[in-house]
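Descriptive structure summary
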Amino acid sequence: MKNTLKKLYKKEKLTMITAYDALFAKIFDDIADIILVGDSLNMSFYGASDTLSATLEQMIYHTKAVCNGAKKAYIVCDMPFGTYPDSKTALENAIRVYKETCADAVKIEGGAEKAEIIKTLSDNAIAVVGHIGLMPQFSRSEGGYIVKGKDENSRKKLLEDAKAVEEAGAVLLVIEGVKEDVAREITKSVNIPTIGIGAGRYTTGQVLVWSDMLGFFEDFKPKFVRRYLNGAELVREAVKKYVQDVQTGKFPGEEEIY
């Protein structure tokens, strides 16, 4: 039976991981509670320098693929940059996501300024995951990836954003790049689950990008990432062995021919 947020919220800690295709979604499906089809694919999958050029068509394509592979996890599709500048546009694009994929929810970056958009989607039977703190889609306008909650004004703004997003109808809240004590305060102040990424230990759950945690993305490693596998090196060694076997005539062997 497919996971629901109501069912998941009873767990002590929620686990979310990104996926962009059916193959990895199927692997993660029995393990993680939530799969995020993140616009992070624009960097780790497509090779861009940030997430901003991801398109709605890309997100729909990859969300369809993930839905084909995952049958149990709660699936969230990132709404890419420029697809929700106002309520009308956001609703049109979110309806496309819902009609063309089996996503359970869409994710929108922004706090109080996006509350009206979140409410519009929620009122139209589209589940919304909020995202506050460090927001990758804002990185260019803010001059980089800046940790939030370092001063009192930032703390107050984050708390206001969290409450506004919750009151607008969001079912889940991602908190990224926020000081641990502030993320803890936010989690205590809302009645929806919080998922942290670079937000410390006291959120309701955690999320990581699969290519970061499995060591496939090597350009840099953010402070908050823990690598559980040296994936890139393992793949390199396997491919080198394949090339060697082909060149020496060891592959294919007797067991691999008809």
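This report concerns the structure included in the present document. (Residues numbered from 1 in each chain as written. Predicted model: local features only at pLDDT ≥ 70, side-chain atom pairs only at ≥ 80, totals over all residues. Heavy atoms only, no water.)

**Details of the overall build of the protein chain**
- Secondary structure assignment for the protein chain yields 11 helices and 8 strands.
- Based on the C-alpha atoms only, the size of the protein chain along its principal axes is roughly 65 × 40 × 35 Å.
- Relative to its 258 residues, the protein chain shows a buried fraction of 52%.
- Here the analysis covers contacts within the protein chain between residues at least 6 apart in sequence; of these, 58% occur between residues at least 24 apart.
- About 13400 Å² of surface is accessible on the protein chain, with carbon and sulfur atoms providing 56% of the total.
- Averaged over its 35 positive side-chain charges, the protein chain has a centre that lies 4 Å from the centre of its 37 negative ones. (Helix = DSSP H or I, 4+ residues; strand = E, 2+ residues; numbered from the N terminus. Buried < 20%, exposed > 50% of the residue type's maximum accessible area, 1.4 Å probe, protein only. Contact = heavy atoms within 4.5 Å. Areas by Shrake-Rupley, 256 points an atom, 1.4 Å probe, with all protein chains shown as cover. Lys, Arg positive; Asp, Glu negative; His and termini not counted. Charge placed at Lys NZ, Arg CZ, Asp CG, Glu CD.)

**A short note on the packing of helix α4 (residues 56-69) against helix α5 (residues 87-100)**
- Taken N-terminus to C-terminus, the directions of α4 and α5 make an angle of 25°; their axes are 10 Å apart at the nearest point. Of the possible angle classes, the one that applies to α4 and α5 is roughly parallel. The interaxial crossing formed by α4 with α5 has right-handed handedness. Residues Leu 56, Glu 57, Ile 60 and Lys 64 of α4 touch α5, and the partners they reach there are Asn 93, Arg 96, Val 97 and Glu 100.
- Here the contact of α4 with α5 is built from residues that sort into 3 nonpolar, 1 polar and 4 charged. (Axes fitted to C-alpha atoms, helices over the stretch in contact; angles between N-to-C directions. Parallel < 35°, antiparallel > 145°, perpendicular 65-115°, else oblique. Left-handed = near helix turned anticlockwise from the far one by under 90°. Nonpolar A, V, L, I, M, F, W, Y, C, P; charged D, E, K, R; others polar.)

**Focus on the layout of surface pockets**
- By volume, the largest pocket is sized at about 1000 Å³.
- Glu 176, Ile 197, Gly 198, Pro 222 and Phe 224 are the residues nearest the centre of the largest pocket, which is lined by 43 residues in total.
- Mapped by element, the contributors of at least two residues to the lining of the largest pocket are β1 (14-18), α3 (41-44), β4 (105-109), β6 (172-176), β8 (205-208) and α10 (210-213).
- The dominant element in the lining of the largest pocket, judged by the number of residues it contributes, is β1, at 4 residues.
- A per-class count over the lining of the largest pocket returns 22 nonpolar, 11 polar and 10 charged. (1 Å grid on protein atoms, 1.4 Å probe; cavity = no way out; pocket = protein on both sides within 12 Å on 5 of 7 lines; lining within 4 Å. Points joined across faces, edges and corners; volume = space filled by probe spheres on them.)

**With respect to the pattern of salt bridges**
- One pass over the full model with this rule turns up 18 salt bridges.
- A salt bridge links Arg 96 to Glu 57; its shortest N-O distance comes to 3.0 Å. Separated by 39 residues along the polypeptide, Arg 96 in helix α5 and Glu 57 in helix α4 bring together distant segments of the chain.
- Arg 96 sits in the partly exposed class, given a relative accessible area of 27%. (Salt bridge = Lys/Arg side-chain N within 4 Å of Asp/Glu carboxyl O.)

**A closer look at the packing of α5 against helix α6 (residues 115-123)**
- At their nearest, the axes of α5 and α6 sit 9 Å apart, and the two run at 40° to each other. Relative to α6, α5 is oriented oblique. As for how α5 packs across α6, the hand of that crossing is right-handed. Residues Ser 87, Ala 90, Leu 91 and Ala 94 of α5 form the contact with α6, whose own contacting residues are Glu 116, Ile 117, Thr 120 and Leu 121.
- Residue composition of the contact of α5 with α6, grouped by class: 5 nonpolar, 2 polar and 1 charged.

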